[in-house]
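# Structural overview for review
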Amino acid sequence: MIEVHDLHKHFGGFHAVDGATLKIETGSITGLIGPNGAGKTTLFNAIAGVLKPTSGRVDMDGEDITGMPPHELFGKGLLRTFQIAHEFHSMTLRENLMMVPGGQSGEKLWNTWFGRKRIADEERALAAKADEVLEFLTIDHISDERAGNISGGQKKLLELGRTMMVDAKIVFLDEVGAGVNRTLLNTIGDAIIRLNKERGYTFCVIEHDMDFIGRLCDPVICMAEGKVLAEGTLDEIKANEQVIEAYLGTGLKNKVASA
């Protein structure tokens, strides 16, 4: 679904992404790992249109999407979440989800005067879909709670729920487990697996929790210093000497292999 060709993103003299080339296959849950500063989030941002690449190319289903803005990629089914959740604090969980789909009739001033029935019908349908999503994610019991009051893990579930309010094809998840307790992380993992198997979502996941990566992801891609260092199963990645050195320094193979 996604092909990245020799992608570069420079900030002055700093090469955050330095010639990354990789593929994300349709229907996969691909893991993206690497030490802090490896360029993982910058790569996500360059693919998802948050940052314009310095050079290189990104294709989605064979179409060049390099530098395309996020709202256009959103329309094509490419979505991403962030390390820190971006919820509307004062809105309920249901209202947060209802905000997601674009092109709603209520966005046009004319319709607020002459299209009230259409707006009401759309809102009822959106509310019903939002409730279905919240039930899927097992957080329907807090659907009327303000999003600013829920836990970090629940906010990550809410972010995942936003991708379910539109016809997502591929979702980039940036450190979905950061600050999340193990129970909620398992719930998030269950939801990702179900979305992949039951609804055909393709995922690419940045995560430092190797147990989480091992449970969900195949293949796993490791980055270091802005480049793709290795790709394979998690066991293959753990046994790769270059990966071990990038993470921990030379001579610690046994420690990584037993992790």
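For the structure itself, look to the data block above.
Residues numbered from 1 in each chain as written. Predicted model: local features only at pLDDT ≥ 70, side-chain atom pairs only at ≥ 80, totals over all residues. Heavy atoms only, no water.

Turning to empty space enclosed by the protein, a few remarks are in order. Applying the stated rule across the entire model yields one cavity of 30 Å³ or more. In this model, the largest cavity occupies a volume close to 40 Å³. In terms of lining residues, the largest cavity is bounded by Leu22, Ile24, Thr30, Leu32, Leu43, Phe44, Ile47, Phe172, Cys204 and Ile221. Per element, the largest residue contribution to the lining of the largest cavity is three residues, and it comes from helix H1 (residues 40-47). In terms of residue class, the lining of the largest cavity is built from nine nonpolar, one polar and no charged. (1 Å grid on protein atoms, 1.4 Å probe; cavity = no way out; pocket = protein on both sides within 12 Å on 5 of 7 lines; lining within 4 Å. Points joined across faces, edges and corners; volume = space filled by probe spheres on them. Helix = DSSP H or I, 4+ residues; strand = E, 2+ residues; numbered from the N terminus. Nonpolar A, V, L, I, M, F, W, Y, C, P; charged D, E, K, R; others polar.)

A separate point is the nonpolar core. Within soluble globular proteins, side chains that are nonpolar tend to cluster in buried spots. In this structure, Leu93, Leu137, Leu160, Leu173, Ile192 and Phe203 are the most contacted members of the largest nonpolar core, which totals 48 residues. Once residues within four sequence positions are removed from consideration, Phe203 is found in contact with Ile24, Ser28, Ile29, Thr30, Leu160, Val171, Leu173, Ile192, Leu195 and Asn196. Ranked by size, the runner-up nonpolar core spans 27 residues in total, among them Leu43, Phe44, Met60 and Ile221. (Core = buried A, V, L, I, M, F, W, Y, C linked by side-chain atoms within 4.5 Å. Buried < 20%, exposed > 50% of the residue type's maximum accessible area, 1.4 Å probe, protein only. Contact = heavy atoms within 4.5 Å.)

Turning our eyes to something else, we now look at the sheet that holds strand E6 (residues 78-80). One key point about sheets: their strands pair by backbone hydrogen bonds, in either a parallel or an antiparallel sense. One open sheet holds the six strands; their spatial order is E6-E7-E8-E3-E9-E10, and the pairing between them is mixed. A strand with exactly one partner marks an edge of an open sheet, and here the two such strands are E6 and strand E10 (227-232). Strand-to-strand twist across the sheet, computed as the mean angle between neighbouring axes with direction ignored, equals 20°. The pairing of E6 with strand E7 (residues 170-174) spans three bridges and is classified as parallel. When the bridges of E7 are listed, Leu79 appears paired with Val171. (Pairing = 2+ DSSP bridges. Axes fitted to C-alpha atoms, helices over the stretch in contact; angles between N-to-C directions.)

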